[in-house]
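# Summary of the model geometry
Here's the letter readout for the chains.
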Amino acid sequence: QVQLVESGGGLVQPGGSLRLSCVASGRIFSINVMGWYRQAPGKQRELVAGIASTGTTNYVDSVKGRFTISRDNAKNTVYLQMNSLKPEDTAVYYCNADVRLTVLSGSRDFWGQGTQVTVSS
């Protein structure tokens, strides 16, 4: 029904930058909140940043001032600009979208397949 495809992960040195993108496609009436989560080995998945359709954003404390989330509603796309990356940012990053499929339906959560971000010298 709905597919989320992430791109932009990779290997970067500490202090470097990466930009993640996530495009939602399929049967979409509207998207409420879009967000980025991450999961490091041996740890629980955590919310990194979220953005509502209004543009309101929220961030986990550990990335405030370094990461910026944005979205293009016309393209059903969400971005995560990551600056001043640290080794502890290493994780698989997942895109999430809260999607209404039709005007009459409630919203459902959809997830991307994940993209690896590795911060290492």
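Residues numbered from 1 in each chain as written. Predicted model: local features only at pLDDT ≥ 70, side-chain atom pairs only at ≥ 80, totals over all residues. Heavy atoms only, no water.

## Some details on the pairing of strand E9 (residues 91-100)
Of all 10 residues in E9, eight are buried; the element is thus mostly enclosed. When strand E4 (residues 30-39) meets E9, the two strands line up antiparallel, connected through eight bridges. Residue pairing for E9: Tyr37 is matched across the bridge by Tyr94. Pairing geometry for E9 and strand E11 (residues 115-119), over three bridges, is antiparallel. Across the sheet, Tyr93 pairs through a bridge with Thr115, a residue of E11. Sheet topology places E9 next to strand E10 (residues 107-111); five bridges connect them, and they run antiparallel. Across the sheet, residue Asp98 finds its bridge partner in E10, namely Asp109. Between E9 and E10, which follow one another and run antiparallel, lie six residues. (Buried < 20%, exposed > 50% of the residue type's maximum accessible area, 1.4 Å probe, protein only. Helix = DSSP H or I, 4+ residues; strand = E, 2+ residues; numbered from the N terminus. Pairing = 2+ DSSP bridges.)

## Notes on the side chain of Arg38
Along the chain, Arg38 falls in strand E4. Assessed through its relative accessible area of 6%, Arg38 is described here as buried. In this structure the side chain of Arg38 is engaged in a polar contact, spanning 2.7 Å, whose partner is the side chain of Glu46. Look past the residues within four positions of Arg38 in its chain and what remains in contact with it is Gln44, Arg45, Glu46, Val48, Ser62, Val63, Phe67, Asp89, Ala91, Val92 and Tyr93. (Polar contact = N/O pair within 3.5 Å; in protein donor to acceptor, adjacent residues only side chain to side chain. Contact = heavy atoms within 4.5 Å.)

## With respect to unusual backbone geometry
A positive phi angle, close to 50°, is found at Asn76, a residue other than glycine. Following the sequence through the fold, Asn76 ends up in the loop between strand E7 (67-72) and strand E8 (77-82). What makes Asn76 partly exposed here is its relative accessible area of 23%. Positioned with a positive phi, Ser84 is a non-glycine residue whose angle comes to about 50°. Mapped onto the secondary structure, Ser84 falls in the loop between E8 and E9.

## Description of the sheet that holds strand E3 (residues 18-26)
Judged by pairing direction, the sheet is antiparallel, and its four strands sit side by side in the order E1-E3-E8-E7 without closing on themselves. Every other strand in the sheet has two partners, leaving strand E1 (2-7) and E7 as the edge strands with one partner each. Neighbour-to-neighbour, the strand axes of the sheet open up by a mean angle of 15°, direction not taken into account. Direction of pairing for E1 relative to E3: antiparallel, over a ladder of six bridges. The partner of Leu4 across the bridge, within E3, is Ala24. (Axes fitted to C-alpha atoms, helices over the stretch in contact; angles between N-to-C directions.)

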